[in-house]
Amino acid sequence: MRIRPARCDDAERVRRFLTGLSPHTHTLRFFTGVTRPSGSLVRVLTEMTEVRDVLVAVHEGDAGSGGEIVGHAMSYRGGAADVEIAVVVADRWQGFGFGPALVNRLLSRAALRGATTVGMDVMGDNRRVLGMIRKVWPGAAMRVSSGSVEVTAMIQEALLFAEQRSGGSPLTA
C-alpha cells in the first residue's frame, strides 16, 4: 500500500474506486449516493490546484497496472478553517488504518503550507469517525447542523498526538 499525490492518469482508477463503494460509504463521504460519477466529479477528485490537495492510497497489485485506488483524501483551502478535508476508503479496506494514514499525510502537507486549523463535515451517524475526532482533538469545536456535524480543530494537536505515539497515525483507534 502506498499513499501518493493524485495524478492526471488516475481518473479512470478513481472512477472505478467510486463505483465500487457501497451506498452507505457513498453517503458517509458525499452525503448522497453517487452511482455513476460524472466526469466533472472525477476531475475535481483528481486535479490538484493551488487551493486543493489530493492524495490516493494505492494497492499495488500487477506491475504496470498503476495499482488499485483503495482510499482518497483531499483538502481545500478557503472554508471556515484553514483547510477543509474529506476522506473515504473502499469498504473492504476499512479498519486497516488507511483512513487515518491519509488524514495524517494530508494534515502534514497542509501544515507545511501554513495551515493551523482543519474543518470537516461528518454525518451525524458516523459514530466511528466522530469517536476518533473526540479522541484526537478533545478541544475540537463541533456544531450539529441538518444531520451533520461541522468540526473545526487545530492541526497541530493531531500531529503532536502522532509524534507521541512513535509516528503512528493521529486517528488510529
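Note: the structure precedes this text.
Residues numbered from 1 in each chain as written. Predicted model: local features only at pLDDT ≥ 70, side-chain atom pairs only at ≥ 80, totals over all residues. Heavy atoms only, no water.

Colleague: Give a detailed account of the pattern of salt bridges, specifying residues and quantitative values.
Modeller: When the charged atoms of two side chains with opposite charge come close together, those side chains can pair. A complete count under the given rule lists 10 salt bridges for this structure. Residue D10 pairs with R4 through a salt bridge whose shortest N-O separation is 2.8 Å. Using a relative accessible area of 0% as the deciding quantity, one classes D10 as buried. Here D10 ties to R13 by a salt bridge, and the two come within 2.9 Å at their closest N and O atoms. Here R13 falls in the buried class, since its relative accessible area comes to 11%. Residues joined by salt bridges that share partners form a network here, namely R4, R7, D9, D10 and R13. (Salt bridge = Lys/Arg side-chain N within 4 Å of Asp/Glu carboxyl O. Buried < 20%, exposed > 50% of the residue type's maximum accessible area, 1.4 Å probe, protein only.)

Colleague: An account of the pairing of strand β7 (residues 148-154) is requested, with residue identities and associated values reported.
Modeller: Direction of pairing for strand β5 (residues 117-123) relative to β7: antiparallel, over a ladder of seven bridges. Across the sheet, V118 pairs through a bridge with A153, a residue of β7. The loop that links strand β6 (residues 141-145) with its antiparallel partner β7 comprises two residues; one of these, S146, has a positive phi angle of about 50°. (Pairing = 2+ DSSP bridges. Helix = DSSP H or I, 4+ residues; strand = E, 2+ residues; numbered from the N terminus.)

Colleague: Lay out the pairing of β6 in plain terms, naming residues and giving numbers.
Modeller: In this structure, β6 lies alongside β7, joined through five bridges in antiparallel fashion. Within β7, the residue paired with M142 across the bridge is V151.

Colleague: Which residues make up the packing of aromatic side chains, and what values do they have?
Modeller: Here the structure, examined in full by the defined rule, presents three aromatic pairs. Aromatic ring contacts, followed pair by pair, group W93, F96 and F98 into a single cluster. (Phe/Tyr/Trp six-rings, centres within 6.5 Å; stacked < 30°, edge-to-face > 60°.)

Colleague: Tell me about helix α4 (residues 98-112), and please be specific about residues and values.
Modeller: Spanning 15 residues, α4 covers 21 Å between terminal C-alpha atoms, matching the ideal 21 Å at 1.5 Å per step. All buried positions along α4 are accounted for by F98, G99, P100, L102, V103, N104, L106, L107, R109 and A110. Positioned one or two residues after α4, G114 has a phi angle of 100°, which is positive. (Expected span 1.5 Å × (residues − 1).)

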